[in-house]
Amino acid sequence: MRVLVVGGGGFLGRTLVQAAAARGCEVYATYHSAPPRQVGPVRWLPAELRDPDEMTAVVRKTGCDVVVNAAHGKADWAVTAQGAVHVAAAALAAQAHLVHVSSDAVFSGTEVSYGEECWPDPVTVYGAAKAAAETGVRAVMPSAAVVRTSLLVGDGPLGPAGMGAHERLVHDLASGARSGRLFSDDVRCPVHVADLAGALLELAEGRLGGMFHCAGADAVSRLEFGQLVAARDGLDASRLIGDERRVSGPPGPLEVRLVGQQTRRVLRTRLRGAREFLAVE
Ligand SMILES: NC(=O)c1ccc[n+]([C@@H]2O[C@H](COP(=O)([O-])OP(=O)(O)OC[C@H]3O[C@@H](n4cnc5c(N)ncnc54)[C@H](OP(=O)(O)O)[C@@H]3O)[C@@H](O)[C@H]2O)c1
């Protein structure tokens with residue numbers, strides 16, 4: 001399989017690039033700011049999601065069978081929403097399959113548990129942009145796989161997957177480099193970035209389409225997540241201060257649990273829960 005990872009220099013993108021190469025894929029990847037210092041058999045191409053013509057040219061140039069879009073521009077609508085549609089249009093023009101990565105941020109938390117059939121009801125700009133991207137991608141390419149996921153977690157500072165932003169925050173709070181609190185009523189289903197990459201590549205290989213929920217098996221609060229990371233990485237957990245988001249804010253979804261019943265029926269890749277992959281060995 002020849003795969004193009006859009007956003008190959010990001011946290012998920014880097015893991016995807018490595019996992020695809022390890023599976024014997026021919027791997028192309030895009031960067032936006034600067035070409036990553038990445039060893040391995042990967043061909044890097046510059047790409048700007050805001051530019052539909054450039055996206056079309058990049059996808060066509062690679063001759064890829066599958067595009068995995070792991071890029072986003074946070075609350076920047078032109079990148080996160082419109083850019084995702086540009087990627088879908090480019091994949092369609094090149095007759096490539098598309099796996100688009102979305103987020104649990106498309107949900108408000110009012111219902112707590114969300115299955116694949118649930119419609120977005122975002123309450124943040126980022127969530128709205130991710131929801132718009134889902135709608136646009138599915139309109140342009142109904143056969144695409146749209147994959148909602150949750151907090152991405154790696155292996156810690158010395159592990160092969162490195163650390164994501166959520167682990168980095170825990171390290172900074174525990175060392176005193178940053179001040180802040182971890183909410184005990186803000187609940188998500190963190191997923192290991194390598195498990196997610198495996199699931200995305202399985203969807204790519206099978207050219208599967210539709211809505212998928214690929215989150216970890218355990219729903220944990222930000223505070224419990226911080227304590228688990230602290231235990232794994234030998235940090236001083238007593239420096240992690242808990243609080244309640246419903247009291248101290250900022251406004252946003254409290255409890256969002258992605259339920260992946262339909263996804264589990266088709267995926268072989270196991271998505272471990274945070275209590276399992278963060279357990280101290
Ligand atoms: N991180 C999480 O906890 C989490 C949770 C739920 C869902 N997700 C979703 O998972 C996916 C991967 O997230 P991540 O945390 O791995 O992302 P990330 O580390 O922030 O990486 C974002 C990527 O997007 C690229 N990018 C940004 N602006 C661009 C532009 N204008 N044109 C082209 N590329 C651009 C960046 O390229 P450069 O680095 O070259 O600038 C980078 O490779 C995203 O769809 C995100 O919404 C993430």
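Residues numbered from 1 in each chain as written. Predicted model: local features only at pLDDT ≥ 70, side-chain atom pairs only at ≥ 80, totals over all residues. Heavy atoms only, no water.

### Some remarks on the sheet that holds strand E4 (residues 66-69)
Sheet strands pair by backbone hydrogen bonding; their relative direction is either parallel or antiparallel.
Part 1: Spatially, E3-E2-E1-E4-E5-E7-E12 is the arrangement adopted by the seven strands of the open sheet, whose pairing is parallel. Looking at the sheet topology across the chains shown, the edges are occupied by strand E3 (42-46) and strand E12 (210-213). Averaged over neighbouring strand pairs, the angle between their axes works out to 20° when direction is ignored.
Part 2: Where strand E1 (residues 2-6) and E4 come together, four bridges link them in parallel fashion. Across the sheet, the residue bridging to Val6 is Asn69, located in E4. (Pairing = 2+ DSSP bridges. Helix = DSSP H or I, 4+ residues; strand = E, 2+ residues; numbered from the N terminus. Axes fitted to C-alpha atoms, helices over the stretch in contact; angles between N-to-C directions.)

### Some words on the site of the ligand
Part 1: Surveying the vicinity of the ligand reveals 26 residues, the closest of which are His32, Ser33, Leu49, Tyr126 and His166.
Part 2: Glu48 is positioned such that a nitrogen or oxygen atom in its side chain is 2.9 Å from a nitrogen atom of the ligand.
Part 3: Between the ligand and Val101, the relevant distance is 3.3 Å, taken from an oxygen atom to a main-chain nitrogen or oxygen of the residue.
Part 4: Burial of the ligand by the protein chains amounts to 84% of its free accessible area of 910 Å².
Part 5: Breaking the shell around the ligand down by element, the ones donating at least two residues are helix H1 (11-22), strand E5 (97-103) and helix H5 (125-140).
Part 6: A per-element tally of the shell around the ligand places E5 first, with three residues. (Near = heavy atom within 4 Å. Polar contact = N/O pair within 3.5 Å; in protein donor to acceptor, adjacent residues only side chain to side chain. Areas by Shrake-Rupley, 256 points an atom, 1.4 Å probe, with all protein chains shown as cover.)

### As for the state of the cysteines
Part 1: Under the defined criterion, the tally for this structure stands at zero disulfides.
Part 2: Of all cysteine sulfurs in the structure, the one in Cys214 sits closest to Cys189, which takes part in no disulfide; the separation is 12 Å.
Part 3: Residue Cys214 is classed as buried on the basis of its relative accessible area of 0%. (Disulfide = S-S within 2.5 Å. Buried < 20%, exposed > 50% of the residue type's maximum accessible area, 1.4 Å probe, protein only.)

### A look at the packing of helix H6 (residues 165-175) against helix H8 (residues 222-233)
Part 1: Between H6 and H8, the least distance of the axes is 10 Å, while the angle of their chain directions is 75°. Judged by the angle between their axes, H6 and H8 are roughly perpendicular. Of the residues in H8, those in contact with His166, Glu167, Val170 and His171 of H6 are Arg222, Phe225, Gly226, Val229, Ala230, Arg232 and Asp233.
Part 2: For the contact of H6 with H8, the class distribution of residues is four nonpolar, three polar and four charged. (Parallel < 35°, antiparallel > 145°, perpendicular 65-115°, else oblique. Contact = heavy atoms within 4.5 Å. Nonpolar A, V, L, I, M, F, W, Y, C, P; charged D, E, K, R; others polar.)

### A look at the nonpolar core
Part 1: Within the largest apolar cluster, 35 residues are counted, with the highest numbers of intra-cluster contacts made by Leu12, Leu16, Val99, Val147, Leu196 and Leu200.
Part 2: It is helix H7 (residues 193-205) that contributes the most residues to this core, eight residues altogether.
Part 3: Dropping the residues within four chain positions of it, Leu16 is found in contact with Val5, Val68, Ala70, Ala197, Leu200 and Leu201.
Part 4: Counting residues in hydrophobic clusters, the runner-up holds 26 residues, among them Tyr28, Ala88, Val137 and Met211. (Core = buried A, V, L, I, M, F, W, Y, C linked by side-chain atoms within 4.5 Å.)

### Notes on the packing of helix H4 (residues 82-93) against H5
Part 1: One way to put it is that H4 packs onto H5 with a least axis distance of 8 Å and a crossing angle of 15°. As judged from the angle between their axes, H4 and H5 are roughly parallel. The hand of the H4/H5 crossing is right-handed. Across the interface between the two elements, Ala84, Val85, Ala88, Ala89 and Leu92 from H4 touch Ala133, Gly136, Val137 and Val140 from H5.
Part 2: Taken together, the residues that form the contact of H4 with H5 break down as eight nonpolar, one polar and no charged. (Left-handed = near helix turned anticlockwise from the far one by under 90°.)

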